[in-house]
Amino acid sequence: MSTFHIDYHGQLIPVSQESADTFRVALPNKPLVLVRKQDSDGADIWFEKDTDNETPETAELGTAIETKLAG
């Protein structure tokens, strides 16, 4: 499991990668586990574990994670 930080609203947030598509994000107000899935067009969709909807927050966190992993 690797750990890194993402910039989220001006704060450095620790993220632990548990698997290729599962990330534990330590937000100050609530920790959450994000799961990356692909839609039928191959685009990444980010869900909170045990949910089935991408939210603006999970999408933004997912984008920050993707940016960090690509860099």
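Just so you know, these numbers come straight off a predicted model, no measurement behind them. (Residues numbered from 1 in each chain as written. Predicted model: local features only at pLDDT ≥ 70, side-chain atom pairs only at ≥ 80, totals over all residues. Heavy atoms only, no water.)

A. Spotlight on the pattern of salt bridges. One pass over the full model with this rule turns up 4 salt bridges. In this structure, Glu18 and Arg24 form a salt bridge, with 2.7 Å as the shortest nitrogen-oxygen distance. The exposure class of Glu18 is partly exposed, given its relative accessible area of 36%. One salt bridge connects Glu57 with Lys30, and the closest N-O pair in it is separated by 3.9 Å. Of this pair, Glu57 sits in helix H1 (residues 56-70) while Lys30 sits in the loop between strand E3 (22-26) and strand E4 (31-38); the two residues are 27 residues apart in sequence, bridging distant segments of the chain. Classification of Glu57 as partly exposed rests on a relative accessible area of 24%. Overall, the relative accessible area of 32% leaves Lys30 in the partly exposed class. In the salt-bridge network here, residues are joined through shared partners; they are Lys30, Glu48 and Glu57. (Salt bridge = Lys/Arg side-chain N within 4 Å of Asp/Glu carboxyl O. Buried < 20%, exposed > 50% of the residue type's maximum accessible area, 1.4 Å probe, protein only. Helix = DSSP H or I, 4+ residues; strand = E, 2+ residues; numbered from the N terminus.)

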